[in-house]
Amino acid sequence: MSSEELADLAAQGGPYRGKAVFELVDRARVDEEAATRLDQLSRLPALREDRAFHLVSLAWAAIIGLLAAETPHARKLAYAAFAALDRTDQADFLSYVRAERIEDAHPGI
């Protein structure tokens, strides 16, 4: 599937939403379109509410994937996606990735 098709699948919901997000995460290091799609997905209310586990939403997974890609494009998008979270979510996210600032977060996948 293309990055666009995966993003559409994730946005539509259903049982493959998480798999689509994680496939885009896998591609983000080498595919700027996949990174851009993750940024867009991270802003969808449905993905912010859809928990992969405990506090971690699919939106968080998208942001973590962008951070882990470690490309300038992906990091820039991750910072913007993080800034779009509400303050409580930002604080919880930073605690989860064990960083005081988003710029200091370097999660591995």
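Above this note sits the structure.
Rules used in this analysis
Residues numbered from 1 in each chain as written. Predicted model: local features only at pLDDT ≥ 70, side-chain atom pairs only at ≥ 80, totals over all residues. Heavy atoms only, no water. Helix = DSSP H or I, 4+ residues; strand = E, 2+ residues; numbered from the N terminus. Rg over C-alpha atoms; globule rule 2.2 N^0.38 Å. Contact = heavy atoms within 4.5 Å. Areas by Shrake-Rupley, 256 points an atom, 1.4 Å probe, with all protein chains shown as cover. Lys, Arg positive; Asp, Glu negative; His and termini not counted. Charge placed at Lys NZ, Arg CZ, Asp CG, Glu CD. Axes fitted to C-alpha atoms, helices over the stretch in contact; angles between N-to-C directions. Parallel < 35°, antiparallel > 145°, perpendicular 65-115°, else oblique. Left-handed = near helix turned anticlockwise from the far one by under 90°. Nonpolar A, V, L, I, M, F, W, Y, C, P; charged D, E, K, R; others polar. Core = buried A, V, L, I, M, F, W, Y, C linked by side-chain atoms within 4.5 Å. Buried < 20%, exposed > 50% of the residue type's maximum accessible area, 1.4 Å probe, protein only. Salt bridge = Lys/Arg side-chain N within 4 Å of Asp/Glu carboxyl O.

(A) Expanded view of the overall build of the protein chain. Counting its regular elements, the protein chain contains 7 helices and 2 strands. In summary, the protein chain has a C-alpha radius of gyration of 12 Å against a globular reference of 13 Å for 109 residues, a match within 12%. Taking the principal axes of the C-alpha coordinates as reference, the protein chain spans close to 35 × 25 × 20 Å. Long-range pairs, those at least 24 residues apart, make up 55% of the contacts in the protein chain with a sequence separation of at least 6. Per element, the accessible surface of the protein chain, about 6000 Å² overall, is 51% carbon and sulfur. For the protein chain, the centre of its 13 positive side-chain charges and the centre of its 18 negative side-chain charges are spaced 3 Å apart.

(B) Broad picture of the packing of helix H5 (residues 58–69) against helix H6 (residues 72–83). Direction vectors running N to C along H5 and H6 enclose 150 degrees, while the axes themselves pass 7 Å from each other. By the angle between their axes, H5 is roughly antiparallel relative to H6. The two elements H5 and H6 cross, and the hand of that crossing is left-handed. Where H5 abuts H6, its residues Ile63, Leu66, Leu67 and Ala69 lie against Ala74, Arg75, Leu77, Ala78, Tyr79, Ala81 and Phe82. Tallied by class, the residues present in the contact of H5 with H6 amount to 10 nonpolar, no polar and 1 charged.

(C) Representation of the packing of helix H1 (residues 3–12) against helix H3 (residues 32–42). The contact between H1 and H3 brings their axes to 9 Å, and the two run at 15 degrees. The angle between H1 and H3 places the two elements in the roughly parallel class. Relative to H3, H1 is oriented so that their crossing is right-handed. Across from Ser3, Glu4, Ala7, Ala10 and Ala11 in H1, the residues of H3 making contact are Glu33, Ala34, Arg37 and Leu41. Looking at side-chain class alone, the contact of H1 with H3 contains 5 nonpolar, 1 polar and 3 charged residues.

(D) Summary view of the nonpolar core. Grouped together as the largest cluster of nonpolar side chains are 35 residues, with contacts concentrated most on Val21, Leu38 and Phe93. Among residues more than four places away in sequence, those in contact with Phe93 are Trp60, Ile63, Ile64, Leu67, Phe82 and Ile102.

(E) Seen up close, the pattern of salt bridges. Within the structure shown, the criterion is met by 7 salt bridges. Asp50 is paired through a salt bridge with Arg17; the nearest N and O atoms lie 3.2 Å apart. Of the two residues, Asp50 is situated in the loop between helix H4 (45–49) and strand S1 (51–53) and Arg17 in helix H2 (residues 17–27); the sequence distance between them amounts to 33 residues. The salt bridge partner of Glu103 is Arg101, with a shortest N-O separation of 3.6 Å. Residue class for Glu103 comes out partly exposed when judged on its relative accessible area of 34%.

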